[in-house]
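Listed below, chain by chain, are the residues.
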2 protein chains.
Amino acid sequence: MDIDSLRQTHPEHWTKACAIRALAMDAVQAANSGHPGMPMGMADVATVLFEKHLKFDAKAPDWADRDRFVLSAGHGSMLLYALLHLTGYEDMTLDQLRNFRQLGAITAGHPEYGHAKGIETTTGPLGQGLANAVGFAMAEEALRAEFGAKVVDHRTWVIAGDGCLMEGISHEAIGLAGMQRLRNLIVLWDNNDISIDGRIGLSDVTDQRARFAAAGWHVIACDGHDPADIDRALTEAKAADRPVLVDCKTIIGFGSPAKADSAGAHGSPLGEDEIAKVREIYGWPYGPFEIPTEVREAWAAIGTRGAEARAEWETRLAGLSGTKQAEFKRRMAGEAPKKLVSALRALKKQVSETAPKVATRKSSELALEVINKVMPETMGGSADLTGSNNTKTAGLGIFGPEDRKGRYVHYGIREHGMAAAMNGMALHGGVRPYGGTFLCFTDYARGAMRLSALMGLPVTYVMTHDSIGLGEDGPTHQPIEHLAMLRATPNVNVFRPADTVETAEAWECALTAPSTPSVLALSRQNLPTLRLEHKMKNLTAQGAYVLADAEGPRRAILLATGSEVEIAMAARDILQEEKIGTRVVSMPCWELFEEQPESYRRKVLPAGPVRVAVEAAIRFGWDRWLFGERGRREKSGFVGMHGFGASAPAPQLYKDFGITPEAVADKVRSLL
Amino acid sequence: MDIDSLRQTHPEHWTKACAIRALAMDAVQAANSGHPGMPMGMADVATVLFEKHLKFDAKAPDWADRDRFVLSAGHGSMLLYALLHLTGYEDMTLDQLRNFRQLGAITAGHPEYGHAKGIETTTGPLGQGLANAVGFAMAEEALRAEFGAKVVDHRTWVIAGDGCLMEGISHEAIGLAGMQRLRNLIVLWDNNDISIDGRIGLSDVTDQRARFAAAGWHVIACDGHDPADIDRALTEAKAADRPVLVDCKTIIGFGSPAKADSAGAHGSPLGEDEIAKVREIYGWPYGPFEIPTEVREAWAAIGTRGAEARAEWETRLAGLSGTKQAEFKRRMAGEAPKKLVSALRALKKQVSETAPKVATRKSSELALEVINKVMPETMGGSADLTGSNNTKTAGLGIFGPEDRKGRYVHYGIREHGMAAAMNGMALHGGVRPYGGTFLCFTDYARGAMRLSALMGLPVTYVMTHDSIGLGEDGPTHQPIEHLAMLRATPNVNVFRPADTVETAEAWECALTAPSTPSVLALSRQNLPTLRLEHKMKNLTAQGAYVLADAEGPRRAILLATGSEVEIAMAARDILQEEKIGTRVVSMPCWELFEEQPESYRRKVLPAGPVRVAVEAAIRFGWDRWLFGERGRREKSGFVGMHGFGASAPAPQLYKDFGITPEAVADKVRSLL
């Protein structure tokens, strides 16, 4: 529909949509930076969505049963900010719009979760929002099954652009959603035929409708500038029995004489002159950031449209039993149950006594057996490595279209999609996701893992086969640099536990962290229990601790993580035999150790002794603990990997790469 | 087709395929580790392919015009090793098969490029081979356009499993191939309905045929156990005018009474008893690793089937003009043209004189303008950020179905697919790929970038917008940990040039590296030319060098990279003003500096002075240069990032995060 027809046939809709468009143009112009084209193109769709379909109450942005609106095409952030402002989200003031993309404003270049109410997730890296939305929808299904449709019954709406749909993660997301038959998920595709480089045809000829249909989606199309047609499409979408793609045909930079329908509208201000012309064409004679009262009021009414539904919901929630209400609130608040710590302590006590020799991936399963019993909010899964990641415990049930009470997800061979879905679940709240793959395939999941960290989401990554210790699968599967990569990422706790006790402790840390994702790097190979004396205290929570102290004068400190702690302990035996007093420091989590007070760190890593670190990974990052923290360059050494691994049985690899007790002892001797 | 019918109707085919199956069972059993199910399932397809369709000559594995065979489902490595052995590749001896997955054998758990002839690419991480194959096919098209179909006219064949097709990268790969209409690319899908977790339906309901058709592929189906039907399908595939998916319906672990058609056949040995039963069912009364003479001979004949075609090709090649032959050989050998170095030197000289103030992404464009003129083998591109990455130079032309002489690829919003395609191009040889995206989206490309490093492929990643210096797009787009991630990866040269001269030098290093991928981390923001005195020598090739020495007694050394070298220089001005003798060391490439002799490193970083590093990224890894290399913990400091960035104009961010000349000078003073 062209502008003239639209203005004529839907004048009220037009002015409301104009308000979005004008704010987007003005804010981008004021910032002299940003993306006006997408908000201008999708304003009609967004207006119909907010006016007639989205369940929300601007005065209660945290309402648990609200529909979630995910702007996957995050560069169009002004669309979202304009909507939040116009519908009356209190924090989204006009000043914030005026300060779009400025230091300290909540209106960042791309929507940042936590900056403002109504930003359900951080988007910008393309495809992530779409993939998060699958997790939102899964969390909703799970909670609805558990708490009933009276208190959980909402949808997740996504606006996705061509970029989102070209990214690989979109394939994983739509495949997962299609298989899961998520009828509460509706994706509005901003089909404007333009990407940064130009027409879509320059790089893609995909028939998106056929593609989504092939993945099990219901597909609808509409004229993205015709409010009646949009309304029809969204109404149909809500009635579908599976996820829905709505192909919204739009024009980027709608109405801009020089830039509409071109890449020129995408990523830079239109310019004052062009904006003036657009205002003319729009019939919008107002100044920058000026919204006439009647339009303000119309939007404000939309913002309060859901107030009654929310009040009714509050009544329904209050009608649940006290226990159920409390549980619902606990779950939505993300609080771990009180029983968790004591249950894990009991496990620790038991394994300290029985001293099993198992891989830490198995230790993790032992911990999960305990955890999943006392934490009904966990939703586990694996990217098609269930039997290897040991992520499935007895009685979890398989989450799927036939069983929404199942708590285990077969994510398929979709590491990135899994990570992003877990982000969505954590953002939705009420469930606590964990998921597994091989540590090496952190590479595939990395885009979403970074967003776990940036958003501060308590997602747990169960990353097994964490070194050359996986053996014969060879260098493509052997992580070498991945611990460094993860440790280099701000706000990630990287745990590499040495035995079952440390693994249980790491799980406790992961499940009680309010706003930090955790990575558990777990061995494929069996490891002895090293923590033979039961301690109530979670030593792993200190990041590093003295596992075995020197006998006699302390001349060496061995630092190790995970499977190499066993090696350090054996090296200590060799050295102590030679009367070289040797301390072993287990360092399951560098990040938590860094947070300890200097006094504790000094106790663990005093000045003086030789220091040798041993880890079956590259040295990168270890200098912090060897040279720093009172260490001395001349008296420090590293035993570990110096390049990629190889394919052979694990014990041979350790020997071949020189990661042995003898090599550690040699290194110490050479430094004494 | 079931085994009985197959044996009866195609007895000769059957024994040949049996040889593959038996070797796969035996090798996996001997290793007590590996994946027998896939080779057993795909042996019929592979036999028909090698017997009737694949253009190859086992005695000339490096024949430039051979068809490429890519085993994307790399866990089925024994399929490939068996084929190479049976067809007579000299290095693939029976002993190598017996030593499958053992230390020092060329038969690694997953096929490793460079270990044996006939392994065209390293596979294992799923989807990579498929995505490499797109690059192979593109390189072939480009070379055919340039050198003519007489010397370049071959296909790329891929075996891909359900895992490959579920991975996100497959979406990017098939989208790119569909748009490019690569008629020389044929994917054989091992459609066995099984993944590690069980039936595919547990995690996916995608109609793969419809999906590929939606992406512009030609789709064919066949019974993957009926040689006649396979032959029909492959014959049809070769006649298509676009990329082809052949849906090969197969049974994993074909013939295993206990494990066929189940996940049990996927990833572990069948067991001696089961293998005995399978031998019975196969009618294969031979011992482990035993191949009867007639079967050997039949396979050997297949291996030499292409010898005549190759000889004819040699004649055709010899028929080209001497210049063209020499150029073809140079290109296939991956040798940079002699003119390259002098052309870049001329640019260096010019910019040292004119001292432009441009972003290093623009510097890179200036370098590419020079390079692309003298290196006809470059194929550039960008993941839909052409104007931002500055990767397109004048006159390159757009590579596409209508113009195979174009040298610029619009990869679309497909960072991972681009990286994997570039790996494929580099593996194919004859072209030298470079491609751009934002440094932050290394996250998306990471899976393929690691394989560039592991395989030692001279691919160049043009990663712009390399810090908070990109400004308003905010933390989702601001790399903080990515330099550390890349530096942590073995065999990657990470360049962060400070100005146009260093950028030109970095490009020279990248384009002359025989077996190391390079990442160029480039600024969005303008930077002054710092190398004002022209030097013939490539200083960047030394990794780090003294850009400005102290005046008077040397009391401080500032270490910096890229955009922060300017800040270090300004800090030096402040400090020198105060008579604090300050050296500035520019460190554009840590890896190359590490390779320098100790004597050079000591000259650049002598013991004694205070050291302060400045980089708009996290500290992770810098301790090597601050505390190590004759440094002292007590006299070292770092000015940089400590967490994620923010959305605001770049100069404000630098100020807000305290990355300023004043902060550097303060840090030095506090350490003196």
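In this text, all values refer to a predicted model and were calculated from it rather than measured experimentally.

What follows is about the packing of helix H6 (residues 128–147) of chain A against helix H14 (residues 322–333) of chain A. Residues and elements named next belong to chain A. Axis separation between H6 and H14 bottoms out at 12 Å; the angle between their running directions is 165°. As judged from the angle between their axes, H6 and H14 are roughly antiparallel. For the element pair H6 and H14, the recorded crossing hand is right-handed. Touching Leu143, Glu146 and Phe147 of H6 are Lys324, Glu327, Phe328, Arg331 and Met332, all from H14. By residue class, the composition of the contact of H6 with H14 is four nonpolar, no polar and four charged.

Moving on to the domain arrangement of chain A. How big an interface is tends to be reported as the loss of accessible area on association of its parts. Residues and elements named next belong to chain A. Structurally, chain A comprises domain 1 (3–311), domain 2 (338–528) and domain 3 (543–670). With 27 residues of domain 2 at the interface, the matching set in domain 3 holds 32 residues. Note on domain 2 versus domain 3: buried area summed over both sides is about 2,300 Å², and carbon and sulfur give 58% of it. The tally of links between domain 2 and domain 3 comes to three salt bridges. Glutamate 615 is paired through a salt bridge with arginine 487; the nearest N and O atoms lie 2.8 Å apart. Where domain 2 meets domain 3, there are 15 residue pairs in polar contact (both at pLDDT 80 or more). Those elements that place two or more of their residues in the side of domain 2 that touches domain 3 are helix H20 (482–488), strand E13 (493–495) and helix H21 (500–512).

Before going further, it helps to examine the packing of aromatic side chains. All names here are of chain B. On inspection of all chains with the given rule, the structure shows 39 aromatic pairs over all chains. When the centroid spacing of 5.2 Å and the interplanar angle of 65° are considered together, the rings of phenylalanine 50 and phenylalanine 56 count as edge-to-face. Judged by centre distance (4.7 Å) and plane angle (80°), the rings of tryptophan 284 and tyrosine 286 are edge-to-face. Taking relative accessible area as the criterion, tryptophan 284 reaches 3% and is therefore assigned buried. Overall, the relative accessible area of 22% leaves tyrosine 286 in the partly exposed class. A cation over a ring is seen here: arginine 487 above tryptophan 590, with NZ or CZ 3.7 Å from the ring centre.

All names here are of chain A. Here H6 contains 20 residues, and its C-alpha end-to-end distance of 28 Å stays within 8% of the 28 Å for a straight helix at 1.5 Å per residue. Summarising burial for H6: 18 of the 20 residues are buried, a large majority. Downstream of H6 by one or two residues, glycine 148 has phi in the positive range, about 95°.

A few words on the interface of chain B and chain A. Contacts between the two partners involve 99 residues from chain B, matched on the other side by 100 residues from chain A. Both faces combined, the contact of chain B with chain A buries some 7,900 Å², and carbon together with sulfur accounts for 60% of it. It is Tyr444, Arg450 and Phe620 of chain B in chain B that bury the most area against chain A; as a group they hold 9% of the surface buried on that side. Our enumeration of links across chain B and chain A arrives at 10 salt bridges. Across the pair arginine 450 of chain B and glutamate 481 of chain A runs a salt bridge whose closest N-O atoms are separated by 2.8 Å. Linking chain B with chain A are 50 residue pairs in polar contact (both at pLDDT 80 or more). Here the side of chain B that touches chain A takes eight residues from helix H19 (residues 442–455) of chain B, the largest share from any one element.

Below, the discussion takes up the relation of the copies chain B and chain A. Rotating chain B by 180° and moving it 0.0 Å along the rotation axis overlays it on chain A with an RMSD of 0.0 Å. On the angle and the small slide along the axis, the relation comes out as a two-fold axis. In terms of proximity to the rotation axis, the leading residue of chain B is glycine 168 of chain B, whose C-alpha is 1.9 Å off the axis.

This paragraph deals with the packing of helix H15 (residues 339–354) of chain B against helix H21 (residues 500–512) of chain B. Residue and element names in this part refer to chain B. Axis separation between H15 and H21 bottoms out at 9 Å; the angle between their running directions is 170°. Judged on the interaxial angle alone, H21 and H15 are roughly antiparallel. Within the contact between the two elements, H15 uses Leu340, Val341, Leu344, Leu347, Lys348, Val351 and Ser352 and H21 uses Thr500, Val501, Ala504, Glu505, Glu508, Leu511 and Thr512. Among the residues forming the contact of H15 with H21, the class breakdown is eight nonpolar, three polar and three charged.

Turning next to the sheet that holds strand E1 (residues 68–71) of chain B. Residues and elements named next belong to chain B. Spatially, the five strands line up as an open sheet ordered E1-E2-E3-E7-E6, and their pairing is parallel. The open sheet has two edge strands, E1 and strand E6 (218–223), and neither has a second partner. For this sheet the average axis-to-axis angle between neighbouring strands, irrespective of direction, equals 20°. In this sheet, strand E3 (residues 185–191) lies alongside strand E2 (residues 156–160) in parallel orientation, the contact comprising five bridges. Residue pairing for E3: alanine 160 is matched across the bridge by tryptophan 189.

The rules we used
Residues numbered from 1 in each chain as written. Chains lettered and ligands numbered in written order. Predicted model: local features only at pLDDT ≥ 70, side-chain atom pairs only at ≥ 80, totals over all residues. Heavy atoms only, no water. Axes fitted to C-alpha atoms, helices over the stretch in contact; angles between N-to-C directions. Helix = DSSP H or I, 4+ residues; strand = E, 2+ residues; numbered from the N terminus. Parallel < 35°, antiparallel > 145°, perpendicular 65-115°, else oblique. Left-handed = near helix turned anticlockwise from the far one by under 90°. Contact = heavy atoms within 4.5 Å. Nonpolar A, V, L, I, M, F, W, Y, C, P; charged D, E, K, R; others polar. Domains from an automatic or database assignment. Buried area = accessible area lost by both parts, 1.4 Å probe. Salt bridge = Lys/Arg side-chain N within 4 Å of Asp/Glu carboxyl O. Polar contact = N/O pair within 3.5 Å; in protein donor to acceptor, adjacent residues only side chain to side chain. Phe/Tyr/Trp six-rings, centres within 6.5 Å; stacked < 30°, edge-to-face > 60°. Buried < 20%, exposed > 50% of the residue type's maximum accessible area, 1.4 Å probe, protein only. Lys NZ or Arg CZ within 6 Å of the ring centre and 35° of its normal. Expected span 1.5 Å × (residues − 1). Least-squares fit on C-alpha atoms with pLDDT ≥ 70 in both. Pairing = 2+ DSSP bridges.

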